[in-house]
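The chain contents come next:
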Amino acid sequence: LYHSETLELMLQRWSKLERDFRMKNGRYDISKIPDIYDCIKYDSQHNASVGLEDTLELFRLSRALADIVFSGGDVSWSSCSNTTLLYKREPRSLPA
């Protein structure tokens, strides 16, 4: 894996993102969609050797949705991993 990342660390990264995206009230925090896009882009480019299924589909869908989320409002920066930058916005949610 890229920069000596372990499979366990990769799994923890995705598990946290899933927990943050799917909120306890059953709704989804759409501000996490750009995070999903950046993480799948990172893994598609740098960890393709892992052979994850459906990465292209997740990449395309998350990119399209991220474009919608980014269509307005203020944007700030945060990091998902030591080499990937992500956009963070105020949490908004959609019904489940």
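Residues numbered from 1 in each chain as written. Predicted model: local features only at pLDDT ≥ 70, side-chain atom pairs only at ≥ 80, totals over all residues. Heavy atoms only, no water.

Looking at an unreviewed UniProt entry, one finds the protein chain named Inositol hexakisphosphate and diphosphoinositol-pentakisphosphate kinase 1, with Goodea atripinnis as its source organism.

If you add up the space inside the second largest pocket, you get close to 190 Å³. Along its surface, the second largest pocket is lined by Trp14, Ser15, Leu17, Glu18, Phe21, Arg22, Tyr28, Ile36 and Leu58. The element best represented in the lining of the second largest pocket is helix α1 (residues 7-21), accounting for five residues. Residues that form the lining of the second largest pocket fall into these classes: six nonpolar, one polar and two charged. (1 Å grid on protein atoms, 1.4 Å probe; cavity = no way out; pocket = protein on both sides within 12 Å on 5 of 7 lines; lining within 4 Å. Points joined across faces, edges and corners; volume = space filled by probe spheres on them. Helix = DSSP H or I, 4+ residues; strand = E, 2+ residues; numbered from the N terminus. Nonpolar A, V, L, I, M, F, W, Y, C, P; charged D, E, K, R; others polar.)

Time to look at the packing of helix α2 (residues 33-46) against helix α3 (residues 55-69). Two elements in contact, α2 and α3, have axes separated by 8 Å at closest approach and are oriented at 145°. You can see that α2 and α3 cross each other, and the crossing is left-handed. Contacts from Ile33, Pro34, Ile36, Tyr37, Ile40, Lys41 and Ser44 of α2 reach α3 at Thr55, Leu58, Phe59, Ser62, Arg63, Leu65, Ala66 and Val69. Of the residues that constitute the contact of α2 with α3, the class distribution is ten nonpolar, three polar and two charged. (Axes fitted to C-alpha atoms, helices over the stretch in contact; angles between N-to-C directions. Left-handed = near helix turned anticlockwise from the far one by under 90°. Contact = heavy atoms within 4.5 Å.)

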